[in-house]
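Coordinates in review
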Amino acid sequence: LTGDRGPIFEDIEELTTTISTDSRAVSCTVSDDNPSGEAAGVSAVTLTYQLDSQTATVNSVSLSMTAGTAEDGTWEGDIPGQASGTTVYWSLTATDGNGNSTSSITFSYFIFASLLISLLLSISVFFNSGGFPSKIKIGFIFDINKFMFL
């Protein structure tokens, strides 16, 4: 290769399915060289995401370089928190100083609803006049506050 080429994603930290509705941190390592001998280096990394469909409105977040150099650096940013039941589709695009760009594959994760189960157990022991147990009464309350659909 003798000409310029787009940046290379060396590592992308994939986000897994979660129950958290908080923002999700995205981290990637991107390198850029220029075999022609001209200037090299990544000038921007942009994260784009869509909610529930790959044909939905495209939202974007600019990542910041947090370590390394423009030729080989770590870039980080956040996908804003989303509601339970949402599928988030996201990808990255890195652009170098000469306008060449490279995009990652599209990743996705799903946000499950949390499941909270409460169980209250009550045990009552009744004694007869001789001080011996005559009856044991066991009761419980079972409460599911949210359902998780798989």
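Quick look at the sheet that holds strand β2 (residues 24-31) now. Spatially, 4 strands are ordered β1-β2-β6-β5 in an open sheet, and the strand pairing comes out antiparallel. Two strands bound the open sheet, and with one partner strand each, they are β1 (8-12) and β5 (64-69). When the angles between neighbouring strand axes are averaged without regard to direction, this sheet yields 25 degrees. The sheet contact formed by β5 and strand β6 (residues 72-79) spans 5 bridges and is antiparallel.

Before going further, it helps to spend a moment on unusual backbone geometry. A positive phi is found at D52, a non-glycine position, where the angle reads about 70 degrees. Along the chain, D52 turns up in the loop between β3 (42-51) and β4 (59-62). Overall, D52 belongs to the partly exposed group, its relative accessible area being 47%.

For the rest of this paragraph, the subject is the environment of G6. Structurally, the position occupied by G6 is in the segment before β1. As for G6 and D33, which are separated by 27 residues in sequence, their C-alpha atoms are 8.3 Å apart. With sequence-adjacent residues up to four places away left out, G6 is seen in contact with D32, D96, N100, S101 and T102.

Here we take up the pairing of β2. Within β2, 6 of the 8 residues are buried, leaving the element largely enclosed by the surrounding structure. Where β1 lies against β2, 4 bridges are found, and the strand directions are antiparallel. Residue pairing for β2: I12 is matched across the bridge by C28. Taken together, the 8 bridges between β2 and β6 define a ladder with antiparallel strand orientation. Bridged to V30 within β6 is G73.

This brings us to the environment of S103. Secondary-structure assignment places S103 in strand β8 (residues 101-103). Separated by 97 residues in the primary sequence, S103 and G6 place their C-alpha atoms 9.3 Å from one another. Among residues more than four places away in sequence, those in contact with S103 are F9, L92 and T93.

Glancing now at the confidence of the model for the chain. Of the residues in the chain, 81% have a pLDDT of 70 or more, and the chain-wide mean is 86. Here residues 146-150 scores under 50 on pLDDT; set against residues more than four positions off or in separate chains, the count is 11 contacts.

Below, the discussion takes up the nonpolar core. A general tendency of soluble globular proteins is for nonpolar side chains to be buried together. C28, V30, V45, L47, I79, W90 and L92 are the most contacted members of the largest nonpolar core, which totals 21 residues. Where this core is concerned, the elements lending two or more residues are β1, β2, β3, β6, β7 (87-96) and β9 (107-110).

What counts and what doesn't
- Residues numbered from 1 in each chain as written.
- Predicted model: local features only at pLDDT ≥ 70, side-chain atom pairs only at ≥ 80, totals over all residues.
- Heavy atoms only, no water.
- Pairing = 2+ DSSP bridges.
- Helix = DSSP H or I, 4+ residues; strand = E, 2+ residues; numbered from the N terminus.
- Axes fitted to C-alpha atoms, helices over the stretch in contact; angles between N-to-C directions.
- Buried < 20%, exposed > 50% of the residue type's maximum accessible area, 1.4 Å probe, protein only.
- Contact = heavy atoms within 4.5 Å.
- pLDDT = per-residue confidence, 0-100.
- Core = buried A, V, L, I, M, F, W, Y, C linked by side-chain atoms within 4.5 Å.

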